[in-house]
Amino acid sequence: MKAVARRLWPAIGSLWRTSTYLRWVYLLLGSALVLAFILVDSALGAVIADLGLPKVATGILWVLLGLVPPVVLGLLPAVREVEGIAVESLLAVRFDERPLGPARTWPQRRRTVAWFCLHLVAGGVVGIISTIVFGVGAIWLAAPFRSAGSRDIVPGLSYDIRGNWTDLWMPAATIGGLAGLFLLSASVGALLAYLAPRVLGPTAAERIELLEQQTATLAERNRLARELHDSVGHALSLVTIQAAAARRVLSSDPDFAETALAAMETSARAALADLDHVLGLLRDDRRPGSRTTPQATLGGLDRLVEATRAGGITIEVERSGDLDQLPAAVSREAYRIVQEGLTNAIRHAGRPAGELAVDLSIRLDTSGLRLAVTNPVSNPLSGKSDQSGGGRGLAGIRERVAVLRGTVDAGPVAEDDGQAWRLAVRLPVSMTTKG
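Residues numbered from 1 in each chain as written. Predicted model: local features only at pLDDT ≥ 70, side-chain atom pairs only at ≥ 80, totals over all residues. Heavy atoms only, no water.

Caption draft 1: The pattern of salt bridges, seen in detail. On inspection of all chains with the given rule, the structure shows 5 salt bridges. For E318, the salt bridge identified is with R363, shortest N-O distance 2.7 Å. Of this pair, E318 sits in strand 3 (residues 314-320) while R363 sits in strand 4 (residues 357-365); the two residues are 45 residues apart in sequence, bridging distant segments of the chain. A salt bridge links R400 to E333, with the shortest nitrogen-to-oxygen separation between them at 2.7 Å. (Salt bridge = Lys/Arg side-chain N within 4 Å of Asp/Glu carboxyl O. Helix = DSSP H or I, 4+ residues; strand = E, 2+ residues; numbered from the N terminus.)

Caption draft 2: Just the sheet that holds strand 5 (residues 368-376), in detail. The 5 strands lie next to each other as 3-4-5-7-6, forming an open sheet whose pairing is mixed. Strands with a single pairing partner mark the edges of an open sheet, and in this sheet they are strand 3 and strand 6 (407-415). Between one strand and the next, the sheet's axes are offset by a mean angle of 15°, whatever the strand orientation. The pairing of strand 5 with strand 7 (residues 418-427) spans 8 bridges and is classified as antiparallel. Across the sheet, residue R370 finds its bridge partner in strand 7, namely R426. Across the sheet, helix 9 (residues 301-309) lies against strand 3 and strand 4, angled at about 165° from strand 3, the strand it touches most. Across the sheet, helix 10 (residues 328-348) is in contact with strand 3, strand 4, strand 5 and strand 7; its angle to strand 5 comes to roughly 10°. (Pairing = 2+ DSSP bridges. Axes fitted to C-alpha atoms, helices over the stretch in contact; angles between N-to-C directions. Contact = heavy atoms within 4.5 Å.)

Caption draft 3: Structural detail: helix 3 (residues 55-74). With 20 residues, helix 3 extends 29 Å from end C-alpha to end C-alpha; this agrees with the ideal 28 Å at 1.5 Å per step. Where helix 3 is buried, its residues meet helix 2 (18-51), helix 4 (77-90) and helix 5 (106-141). (Expected span 1.5 Å × (residues − 1).)

Caption draft 4: Spotlight on empty space enclosed by the protein. This model, assessed by the stated rule, comprises 2 cavities of 30 Å³ or more. What lines the largest cavity is a set of 11 residues, among which G341, N344, A345, N375 and W421 lie closest to the centre. With 4 residues, the single largest contributor to the lining of the largest cavity is helix 10. As a volume, the second largest cavity reaches approximately 30 Å³. Around the second largest cavity, the lining residues are I337, V338, L360, L371, A372, V373, L423, A424 and V425. Secondary structure elements with two or more residues in the lining of the second largest cavity: helix 10, strand 5 and strand 7. Residues belonging to the lining of the second largest cavity are distributed by class as follows: 9 nonpolar, no polar and no charged. (1 Å grid on protein atoms, 1.4 Å probe; cavity = no way out; pocket = protein on both sides within 12 Å on 5 of 7 lines; lining within 4 Å. Points joined across faces, edges and corners; volume = space filled by probe spheres on them. Nonpolar A, V, L, I, M, F, W, Y, C, P; charged D, E, K, R; others polar.)

Caption draft 5: Examining the side chain of S361 more closely. Locating S361 in the fold gives a position in strand 4. You can call S361 buried: its relative accessible area is 16%. Once residues lying within four places of it in the same chain are set aside, the contact partners of S361 are E318, R370, L371 and A372. (Buried < 20%, exposed > 50% of the residue type's maximum accessible area, 1.4 Å probe, protein only.)

Caption draft 6: Quick look at the nonpolar core. Ranked by size, the top nonpolar core spans 36 residues in total, and within it V338, V358, L360, I362, L369, L371 and V425 carry the most contacts. Listing elements by their share of this core, those giving two or more residues are helix 7 (204-248), helix 9, helix 10, strand 4, strand 5, helix 11 (392-403) and strand 7. Beyond its immediate chain neighbours, meaning those up to four positions away, V338 contacts L301, L304, L360, I362 and L371. Grouped together as the second largest cluster of nonpolar side chains are 21 residues, W24, L27, F95 and A122 included. (Core = buried A, V, L, I, M, F, W, Y, C linked by side-chain atoms within 4.5 Å.)

Caption draft 7: Region of interest: the packing of aromatic side chains. Overall, the coordinates contain 4 aromatic pairs when judged by the stated rule. Ring centres of Y21 and F182 lie 4.9 Å apart, and the angle between their planes is 65°; on these two criteria the pair is classed as edge-to-face. Of the two residues, Y21 is situated in helix 2 and F182 in helix 6 (residues 169-199); the sequence distance between them amounts to 161 residues. The ring of W106 carries R109 above its face, with NZ or CZ at 4.9 Å from the centroid. (Phe/Tyr/Trp six-rings, centres within 6.5 Å; stacked < 30°, edge-to-face > 60°. Lys NZ or Arg CZ within 6 Å of the ring centre and 35° of its normal.)

Caption draft 8: Spotlight on unusual backbone geometry. Look at A92: it is not a glycine, yet its phi comes out positive at around 60°. Considering the arrangement of structural elements, one finds A92 in the loop between helix 4 and helix 5. The exposed category is assigned to A92, whose relative accessible area is 61%. We note that R405 has phi near 60°; this positive angle belongs to a residue other than glycine. Tracing the sequence through the fold places R405 in the loop between helix 11 and strand 6.

Caption draft 9: Representation of the packing of helix 9 against helix 10. Where helix 9 meets helix 10, the closest approach of the two axes is 11 Å, and the angle between their N-to-C directions is 10°. Between helix 9 and helix 10, the interaxial angle falls into the category roughly parallel. Where helix 9 approaches helix 10, its residues L301, L304 and T308 are matched on the opposing element by Y335, V338, Q339, L342 and I346. A class-by-class count of the residues in the contact of helix 9 with helix 10 yields 6 nonpolar, 2 polar and no charged. (Parallel < 35°, antiparallel > 145°, perpendicular 65-115°, else oblique.)

Read these as layout, nothing more, since geometry by itself doesn't imply function.
Structure representation (structure tokens):
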């Protein structure tokens with residue numbers, strides 16, 4: 001007995017769960033659809049009966065009446081979306097694709113038709129049982145309160161009321177019938193909840209496609225985060241150092257202070273334009289009249305250098321090769337690498353802007369594109385982790401270079417006048433030359 005009780009108790013316990021009754025409601029939705037199809041088929045069946053067709057033809061038409069409407073309705077793209085909402089809400093199923101969208105491909109439509117028909121069959125069976133249990137149960141619950149005698153449930157089916165305690169079997173049977181109905185609904189609903197992700201949800205190929213889309217989205221967001229870090233971070237570093245330089249010489253050299261303030265304005269406007277561009281991409285803004293700012297390339301290197309020099313920093317630039325030969329994508333990444341290298345030099349040099357000298361080298365030849373940013377540092381280890389930036393600067397550079405299959409070398413080097421920090425990047429020829 002104890003073993004039987006242990007097996008029955010989980011089933012009985014499901015009667016106290018909200019999910020049991022939600023599953024029953026889901027199945028009743030299917031039975032309501034079955035009733036609607038029956039009403040339509042009955043009207044059309046009367047028309048077929050009046051045609052006087054042979055029995056075989058009439059039988060074929062009746063079969064078509066029973067199968068075609070559910071199949072046609074199930075092929076509608078929106079049915080997958082509606083069924084998905086009902087399954088998530090009433091069967092507590094979570095799909096990989098959320099929310100479940102309309103059926104866009106024929107395989108999805110075929111699976112939606114299969115699920116829709118399964119919903120109709122299961123709902124129809126539970127609906128019939130529910131009608132019997134609630135119909136007969138309402139009569140039997142009232143039996144002990146009625147006078148003795150024979151009563152008809154339907155013509156040809158009757159029951160006897162004895163007018164004593166033996167009539168209590170009818171209310172007890174009604175309660176047992178309700179419990180059995182809801183247990184059946186819970187079991188069928190659990191089976192449908194198991195099948196729903198496999199029938200309505202994406203296939204293995206669709207899951208791979210969905211993962212690829214999510215990966216592409218994450219990669220794009222990571223790229224945009226790097227853009228924000230490099231452009232806005234560089235602009236804020238320049239604004240900080242230019243403001244400090246302007247404050248120091250405001251009374252002694254007003255012309256330089258005015259130049260620094262103008263450079264601050266230019267840097268802030270450029271950062272705002274970059275921020276607006278990135279936010280536009282995040283919003284996927286495609287409204288008429290919307291525009292996005294073109295990305296900076298090595299063609300804007302002179303403006304970058306002059307804006308940095310406006311803060312009192314000395315920058316020596318050495319370049320060779322025709323940088324116009326670079327593909328636009330590579331030129332953009334190279335510009336951001338140089339920008340981040342200058343930003344790190346400003347942040348981690350450990351000395352005032354007027355005492356900071358940076359060497360910038362850009363060379364393009366048959367061996368590839370080589371970038372180098374060298375600056376003196378007070379502590380050679382200060383630039384290793386990109387402390388104030390949380391370590392994202394050099395990490396972002398490595399990510400950019402990895403995409404282009406290049407190499408990065410960053411670390412302290414010995415100079416004639418002391419220790420320096422050097423960032424060296426090499427991009428292979430095959431990734432940087434046209435043709």
